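Per-entry structural report
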Amino acid sequence: MKLAAIFSDNMVLQRDKVIYVFGTSDVDETIEINIDDIQVKSDVKAGRWSISLPPHVAGGPYEMTVSSPKESKSIKNVLYGEVWIDNGQSNIEFEIQNARGGMDEVEKADYPQIRYFKSIKSPVVDEEFLEAEEKLTWTLVTDGKCKELSGIGYYFAKQLHGEMGVPIGLVDCYQGGSSITCWMEKEVLEEMPEAESYLSDFREATKDQTEEEFDRLLNEYNALVDRFVSIEKEVKAEKPDATIEEVEEKAGKYPWPPPVGLKSAFRPGGLIETMFKRIAPFSARGILYYQGEEDAIRNYENYVKTGKNDKYKNLLLRLIREYRRLLKDDGLPVVIVQLPMYLGKGEEDLRDWAYLREAQELAVNESKDTMLVSLLDLGEYNNVHPVDKRTPGIRIAEEVLDVIYGENTMGTQDMIFDKYSKKSNKLSLSFLNTYGSIEIRDNELINLRNEEASQETEHLFGFEISSDFETWKVPASYINGEQIIIEIDEDTKELRYGFFNYGKVNVYNAIGGTLRQFRVKL
């Protein structure tokens, strides 16, 4: 009898949903589970077993006993509360210890009712993986033990726990650099035209590759990464607040991408097998999905080719469906964290991240029980991993508290473009969720695009107009009550806001919600 690794000491179970406790067995036998006077049994079928536990009120601790005719296992310090899965790539993976002010948080954190389970990041399930998985357990956010917890996940959980007063469990299931196709089954990808470029590129890269050749390439790559990390540590030992530019001055650019191979963590259809399916169908309140950086350029190239922004959108819609199927919850809330601002030094702003953000919003608009959290006013120039994880973590938590746990009296906190009216050479823009006023607020974004303004503190950054969809200029604009007035030319054909990879934006609603990017043809 074997339990899935996620069922281990200190775990948090979702309080008001059916819990699927599952595992494997080499023999046909009856498995029994006891917890808080609840007793449930199940027979092993085809070497696997699953037992459904009924919903339960928040609280604990409890002890869960799992037994068969031959053995018994005890899981201690079990709580019922709210469980969230953190999923995606490097910005949800970014650990609290590396975030701005993160080590201060780690050292003072004393939240025994916040626990996290960290999935093993592995490209394959082999004997080494299985041995490591058997040792996994949930970690309490106490005694400086949460250094490796997702930074965004930490602030999200802390905010939820503070507001709700119930146990919070985080399941960290992410891999930096992963494409959306890493999190989808290969059989599903083969059904989708949107995935063909990923699959064909992988087939081409690996057609003549031996296992030994990939191992050699991977070892060479890992040596480059080790060198970069070593130099980075030296730089930060001398200067803890060293910028990415200062690190790169000594270490060079971070080596990327890694080699492609049949055992690569980044192969299409890989991580869904080695990571997500190792936790499914563990019951959760919802998923925080922060991903898309790796797919922005492919999505953009498809847009240029077809004129439709539907490649990533359709992949994301299917991913949401598949996650709900695997977790046996058709109404599972999925929070899509929209990409922030980013542009590498010396790179051309292709607006590929803007098109990816748009694809994320299009998918959310087409998917029930799905929500979007905008980070348009966040991000760092030349740093794909912004160190401020507190702001997005709290922003996501506040959105979830309002929409999922609250009365939904406020709806989304983001300010959203609604419609426009045109009179002479002026557009009057109306918005949803102004909450009484439109405001200009400063943030950490820099005016990289060199928008000229006579009085920068009153300038509405981020608006552009064009008459040919190629040449863009900054229009005169101002706030008029709960509208924004844009002065346009006679031949203006399109208006955009924040529709670039990186630049300054500064428009907010009365509660501090950022205005989402948008574009509209006139």
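Refer to the structure above for everything that follows.
Small disclaimer: the values here were computed from a predicted structure and weren't measured.

1. Considerations on the sheet that holds strand S18 (residues 463–466)
Here we have three strands laid out as an open sheet, ordered S18-S21-S23, and antiparallel in their pairing. Both outer strands of the open sheet, S18 and strand S23 (518–521), are each paired with one neighbouring strand and no more. Adjacent strand axes in the sheet meet at a mean angle of 15°, parallel and antiparallel pairs treated alike. Note that S18 and strand S21 (residues 494–497) share four bridges and pair antiparallel.

2. Observations concerning the pattern of salt bridges
Counted by the stated rule, this structure contains 38 salt bridges. Between arginine 449 and glutamate 464 there is a salt bridge, with its nearest N and O atoms 2.1 Å apart. Here arginine 449, found in the loop between strand S17 (438–440) and S18, pairs with glutamate 464, found in strand S18; they are 15 residues apart in sequence, far enough to count as distant. A residue is classified by how much of its surface remains accessible, and arginine 449, at 29% relative accessible area, is partly exposed. Members of the salt-bridge network, linked through shared partners, are Glu185, Glu191, Glu273, Lys277, Arg318, Glu322 and Arg325.

3. Structural notes on the environment of proline 386
By the secondary structure assignment, proline 386 is in the loop between strand S14 (370–373) and helix H13 (390–405). Owing to a relative accessible area of 9%, proline 386 belongs among the buried residues under this scheme. Along the primary structure proline 386 and phenylalanine 94 are separated by 292 residues, whereas in three dimensions their C-alpha atoms are 9.1 Å apart. Beyond its immediate chain neighbours, meaning those up to four positions away, proline 386 contacts Asn91, Gly379 and Glu380.

4. As for helix H10 (residues 296–306)
All of the buried residues along H10 are Ala296, Asn299, Tyr300, Asn302 and Tyr303. Buried residues of H10, viewed axially, fall in a sector of 160°; they line one side. Those residues of H10 that are exposed and angled more than 90 degrees off the buried face are Val304 and Lys305. Next to the buried residues of H10 lie helix H11 (311–326), helix H12 (352–366) and S23. Immediately downstream of H10, the backbone of glycine 307 shows phi near 80°, a positive value.

5. Some points on the layout of surface pockets
Estimates place the volume of the second largest pocket at around 720 Å³. For the second largest pocket, the lining is made up of 27 residues, of which Leu3, Ala4, Ala5, Phe22 and Gly23 are closest to its centre. Within the residue set of the lining of the second largest pocket, elements represented by two or more residues are strand S1 (2–3), strand S3 (19–24), strand S6 (48–53), strand S8 (72–88), helix H3 (127–134), helix H9 (271–279) and H11. Class assignment of the residues belonging to the lining of the second largest pocket gives a composition of twelve nonpolar, five polar and ten charged.

6. What about the packing of aromatic side chains?
Throughout the structure, instances matching the rule amount to 22 aromatic pairs. Between the aromatic rings of phenylalanine 417 and phenylalanine 431, the centroid separation amounts to 6.2 Å while the plane-to-plane angle is 75°, which identifies the pairing as edge-to-face. One end of the pair, phenylalanine 417, is in strand S15 (residues 416–423); the other, phenylalanine 431, is in strand S16 (residues 426–432), with 14 residues separating them in the sequence. Pairing phenylalanine 431 with phenylalanine 518 gives two aromatic rings, centres 6.5 Å apart and planes at 65°, and the pair type is edge-to-face. Of this pair, phenylalanine 431 sits in strand S16 while phenylalanine 518 sits in strand S23, and the two are 87 residues apart along the sequence. Taken individually, phenylalanine 431 and phenylalanine 518 each receive the classification buried, so the pair is uniform in this respect. Taken together through their ring pairs, the aromatic side chains of Phe7, Phe22, Phe117, Trp138 and Phe282 make up a single cluster. Above the face of the tyrosine 198 ring, arginine 298 is positioned so that its terminal group lies 4.3 Å from the ring centre. Directly above the ring of phenylalanine 469 sits lysine 521, whose terminal nitrogen or CZ lies 5.4 Å from the centroid.

7. Considering the environment of aspartate 330
Relative to the helices and strands, aspartate 330 resides in the loop between H11 and strand S13 (334–337). Along the primary structure aspartate 330 and lysine 368 are separated by 38 residues, whereas in three dimensions their C-alpha atoms are 9.8 Å apart.

8. Concerning the sheet that holds strand S20 (residues 483–487)
Taken in spatial order, the four strands make up an open sheet running S15-S16-S20-S19, and their pairing is antiparallel. Across the chains shown, the open sheet's two edge strands, defined by having one partner strand only, are S15 and strand S19 (477–480). For this sheet, the mean inter-axis angle between neighbouring strands, taken without regard to orientation, is 25°. Note: S16 against S20, five bridges, orientation antiparallel. Bridged to leucine 429 within S20 is isoleucine 484.

Cut-offs and rules
Residues numbered from 1 in each chain as written. Predicted model: local features only at pLDDT ≥ 70, side-chain atom pairs only at ≥ 80, totals over all residues. Heavy atoms only, no water. Pairing = 2+ DSSP bridges. Helix = DSSP H or I, 4+ residues; strand = E, 2+ residues; numbered from the N terminus. Axes fitted to C-alpha atoms, helices over the stretch in contact; angles between N-to-C directions. Salt bridge = Lys/Arg side-chain N within 4 Å of Asp/Glu carboxyl O. Buried < 20%, exposed > 50% of the residue type's maximum accessible area, 1.4 Å probe, protein only. Contact = heavy atoms within 4.5 Å. Arc of directions from axis to C-beta. 1 Å grid on protein atoms, 1.4 Å probe; cavity = no way out; pocket = protein on both sides within 12 Å on 5 of 7 lines; lining within 4 Å. Points joined across faces, edges and corners; volume = space filled by probe spheres on them. Nonpolar A, V, L, I, M, F, W, Y, C, P; charged D, E, K, R; others polar. Phe/Tyr/Trp six-rings, centres within 6.5 Å; stacked < 30°, edge-to-face > 60°. Lys NZ or Arg CZ within 6 Å of the ring centre and 35° of its normal.

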